[in-house]
Amino acid sequence: MLLVPRWALLSSGCAPVLLIAGWVVAAALEGSAYDPVTQTISVLAAHGASGSWVMTGAFLALGVCHLLTAWGLRAAAAAGRVALAGGGVVALAVAVVPTPSSGGSLGHGSVAAAGFTLLALWPVLAASGGSGTPWALRPLPSFAATAVMVAGAVWFLVEMDRHGMAGVAERVVTAVQSLWPFVVVLSCLRHRAGRGAPSA
């Protein structure tokens, strides 16, 4: 049984690239009115924002990438694959339920919180034991990845509450969450290659 098809390297690798490119381009289109240190990524996709179409497209692309990666990541435990796919669905929902141009939104906040939770938990849910398990799917690295993501989410909430560097905190945690599937896929492919079997 294949651990993971090679095309999953593309879907997982595109996720962080498209997300980061999206917020960089959208922020540039927004200009000096937007502060990436204190303002969240969602502000870039808000109704009326100059770069909303870019950030909305990045969220949609991120969701598709996560769904494809979850589908191809056969070496991971089923619960982890479902959580990663759920994170992909939530990314699509974030694009459909943008934050308003001013003030908060319970709907958007709830969707974003669900996404943070699913993408933070999927590494530990995907873990499996045994010496034949790829490195990134072993319990210790998986737990460490989840711990880092949870810590990042807590940092983000603290910065939101104190009106501090919420934009920085959100970018760090979302970058880590979007990068980890690529790390897992790469680990699976290297593991398969190391055993001398074809990986696709």
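Owing to the predicted nature of the structure, the values given are computational and were not obtained by experimental measurement. (Residues numbered from 1 in each chain as written. Predicted model: local features only at pLDDT ≥ 70, side-chain atom pairs only at ≥ 80, totals over all residues. Heavy atoms only, no water.)

Participant: Honestly, the pattern of salt bridges in this entry has me stumped. Any pointers?
Facilitator: Side chains that differ in sign of charge can pair as their charged atoms come close. For the structure shown, the criterion picks out 1 salt bridge. Arg162 is the salt-bridge partner of Glu159, the closest N and O atoms lying 2.8 Å from each other. (Salt bridge = Lys/Arg side-chain N within 4 Å of Asp/Glu carboxyl O.)

Participant: Would you take a moment to explain helix H4 (residues 106-126) for this structure?
Facilitator: Because each turn of an α-helix spans 3.6 residues, side chains separated by three or four positions end up pointing in the same direction. The terminal C-alpha atoms of H4 lie 30 Å apart, and with 21 residues this matches the ideal 30 Å at 1.5 Å per residue to within 8%. Every buried residue of H4 is listed here: His108, Val111, Gly115, Phe116, Leu119, Ala120, Trp122, Pro123 and Ala126. (Helix = DSSP H or I, 4+ residues; strand = E, 2+ residues; numbered from the N terminus. Expected span 1.5 Å × (residues − 1). Buried < 20%, exposed > 50% of the residue type's maximum accessible area, 1.4 Å probe, protein only.)

Participant: Would you mind showing me how to read the packing of helix H1 (residues 7-30) against helix H2 (residues 52-72) here?
Facilitator: Two numbers describe a pair of packed helices, the interaxial angle and the distance between the axes. Running from amino to carboxyl end, H1 crosses H2 at an angle of 165°, the nearest separation of the two axes being 8 Å. With respect to H2, the axis of H1 lies roughly antiparallel. Where H1 crosses over H2, the handedness of that crossing is left-handed. Within the contact of H1 with H2, the residues separate by chemical class into 20 nonpolar, 6 polar and no charged. (Axes fitted to C-alpha atoms, helices over the stretch in contact; angles between N-to-C directions. Parallel < 35°, antiparallel > 145°, perpendicular 65-115°, else oblique. Left-handed = near helix turned anticlockwise from the far one by under 90°. Nonpolar A, V, L, I, M, F, W, Y, C, P; charged D, E, K, R; others polar.)

Participant: Before we go on, may I ask you to explain helix H3 (residues 78-96) in this structure?
Facilitator: In this model, H3 (19 residues) spans 27 Å end to end at C-alpha, consistent with the 27 Å of a helix rising 1.5 Å per residue. When we look at burial in H3, the residues that qualify are Gly80, Ala83, Leu84, Gly86, Gly87, Gly88, Val90, Ala91, Val94 and Ala95.

Participant: Is there a simple way to explain the packing of aromatic side chains in this structure?
Facilitator: Two aromatic rings, taken as a pair, are described by how far apart their centres are and by the angle between their planes. For the structure on display, the rule yields 3 aromatic pairs. Seen in terms of ring centroids, Trp7 and Trp71 are 5.5 Å apart; in terms of plane orientation they differ by 45°. Their pairing is tilted. On the criterion of sequence distance, the pair formed by Trp7 in helix H1 and Trp71 in helix H2 is long-range, its members being 64 residues apart. Seen from the ring of Trp23, Arg171 lies directly overhead, with NZ or CZ sitting 5.5 Å from the centre. (Phe/Tyr/Trp six-rings, centres within 6.5 Å; stacked < 30°, edge-to-face > 60°. Lys NZ or Arg CZ within 6 Å of the ring centre and 35° of its normal.)

Participant: Which parts of the structure should I look at to understand the nonpolar core?
Facilitator: One broad trend across soluble globular proteins is that nonpolar side chains are buried collectively. Ranked by size, the top nonpolar core spans 22 residues in total, and within it Val4, Leu73, Trp122, Leu137, Trp180, Val184 and Cys188 carry the most contacts. If you list the elements that add at least two residues to this core, you get H3, H4, helix H5 (139-161) and helix H6 (166-194). In terms of residue count, H6 provides more of this core than any other element does, 5 residues in total. Contact partners of Val184, with chain neighbours within four places excluded, come to Leu73, Trp122, Ala136 and Leu137. In this structure, Ala27, Leu62, Val94 and Ala95 belong to the second largest nonpolar core, which totals 21 residues. (Core = buried A, V, L, I, M, F, W, Y, C linked by side-chain atoms within 4.5 Å. Contact = heavy atoms within 4.5 Å.)

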